[in-house]
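Descriptive analysis of the structure
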Amino acid sequence: MHRIFTLFLLLIVTSASAQDKDKLFGTSEKPEPKHGFILAGNGDFDVPGGDIAKEFGLSYRLGAAVLYKTTKNWVFGLKCDFMLGNVVRQDSLMINIRDRYSTADNTHVYEFINNNGEREGVPIYERGYMIGLQAGKIISLNPRRPDNGIVLLTSVGFIQYKIDIYNDNKDIPELQGAYLKGYDRLTNGSFLEEYVGYIYFAKNKLLNFTLGLDGLVGFTRDRRSYLYDVMRTDNAQRVDFLFGLRGGWFIPIFKRKSEELLFE
């Protein structure tokens, strides 16, 4: 019993001594969240839904953002993404001008007769962009790492996409100038985007990343006055969805209490 009491007393003394040492060297204080600018590069893999899924398949986004993070872990700033895809679901696209005897075995290439009377393949792609304002909150899960945790971001802004008909040689008259606009299905409007993921700022100042799930809804319309291949207008309200997996890498430019800039 005497030995147990002595051991218990020793543990109390050791713990108190450790706490005094922490206070002496300042290690017992919880670190405060840093504040400053964050330069971000992001990538998305998107699955379409709604009206956009009738015209396009799986796509990708590459983008950048400039954010500011406060000491309360609020973040806000600007973002811009570019949309890239090669799955176009338009059976009637350019059906009135493309070669009916096409020999192309690539579903993303349509063939036409060019100015020289030769059959020429023209690839088509999905291309677009979005730009908007972004704001959210980092919810810390570890008091010793207050900058890391669950990140919730909301974005609002402008989205535009179309079919990129890539006639590099410019030798197909039906795909030049104003004629091309009758086939590209230019669509734009507003969007609302929600992102939830995990954000991590490394002590080694190099491995700063986020990974999570992304959901976007766009309220868009086709902006072309007339579609030549289907011989009609299409100005109906569209509702587009993109559901994606997003990853990103950051360059934080945080300030210390001394106001000295620190790249982490």
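Notes on the structure in this doc start here. Owing to the predicted nature of the structure, the values given are computational and were not obtained by experimental measurement.

1. Topic: the overall build of the protein chain
Along the protein chain, the regular secondary structure elements total two helices and 10 strands. Along the chain direction, N to C, the helices and strands of the protein chain fall in the order α-β-β-β-β-β-β-α-β-β-β-β. The buried share of the protein chain, taken over its 264 residues, is 40%. Restricting the contact set of the protein chain to residue pairs at least 6 apart, pairs at least 24 apart contribute 66%. Only carbon and sulfur atoms are counted for the fraction: they give 62% of the accessible area of the protein chain, which is about 15,400 Å².

2. Thoughts on the nonpolar core
Ranked by size, the top nonpolar core spans 22 residues in total, and within it Met94, Phe112, Ile124, Ile165 and Leu175 carry the most contacts. When contributions to this core are tallied by element, the ones reaching two or more residues are β4 (109–113), β5 (119–140) and β6 (149–165). Examining the composition of this core, we find that four residues originate from one element, β6, more than from any other. Residues in contact with Met94, not counting those within four places in the same chain, are Tyr110, Phe112, Ile124, Ile165, Leu175, Tyr183 and Asp229. In this structure, Ala40, Ile138, Phe201 and Phe254 belong to the second largest nonpolar core, which totals 13 residues.

3. Side note on empty space enclosed by the protein
Over the atoms, a rolled probe matching the size of one water molecule traces out where space is still vacant. Scanning all chains against the criterion turns up two cavities of 30 Å³ or more. By volume, the largest cavity amounts to about 160 Å³. What lines the largest cavity is a set of 16 residues, among which Leu67, Gln134, Leu153, Thr210 and Phe250 lie closest to the centre. Taken together, the elements giving at least two residues each to the lining of the largest cavity come down to β1 (35–50), β2 (59–69), β3 (74–85), β5, β6, β7 (187–200) and β9 (238–255). Looking at which element gives the most residues to the lining of the largest cavity, the answer is β1, with three residues. Here the residues of the lining of the largest cavity sort into 11 nonpolar, three polar and two charged. When its volume is computed, the second largest cavity comes out at roughly 30 Å³. The wall of the second largest cavity is formed by Lys79, Gln134, Leu153, Ser155, Glu193, Tyr195, Asp214 and Arg246. Among the secondary structure elements, those contributing two or more residues to the lining of the second largest cavity are β6 and β7. Taken together, the residues that form the lining of the second largest cavity break down as two nonpolar, two polar and four charged.

4. Re the pairing of β3
Alignment of β2 against β3, held across 10 bridges, turns out to be antiparallel. Looking at β3, one finds that Val66 is bridged to Leu78. Taken together, β2 and the strand that follows it, β3, pair antiparallel across an intervening segment of four residues, in which Asn73 is found at a positive phi of about 70 degrees. Sheet analysis places β3 next to β5, joined by 12 bridges and oriented antiparallel. Considered in β5, the bridge of Lys79 is made with Gly132.

So, how was this worked out
Residues numbered from 1 in each chain as written. Predicted model: local features only at pLDDT ≥ 70, side-chain atom pairs only at ≥ 80, totals over all residues. Heavy atoms only, no water. Helix = DSSP H or I, 4+ residues; strand = E, 2+ residues; numbered from the N terminus. Buried < 20%, exposed > 50% of the residue type's maximum accessible area, 1.4 Å probe, protein only. Contact = heavy atoms within 4.5 Å. Areas by Shrake-Rupley, 256 points an atom, 1.4 Å probe, with all protein chains shown as cover. Core = buried A, V, L, I, M, F, W, Y, C linked by side-chain atoms within 4.5 Å. 1 Å grid on protein atoms, 1.4 Å probe; cavity = no way out; pocket = protein on both sides within 12 Å on 5 of 7 lines; lining within 4 Å. Points joined across faces, edges and corners; volume = space filled by probe spheres on them. Nonpolar A, V, L, I, M, F, W, Y, C, P; charged D, E, K, R; others polar. Pairing = 2+ DSSP bridges.

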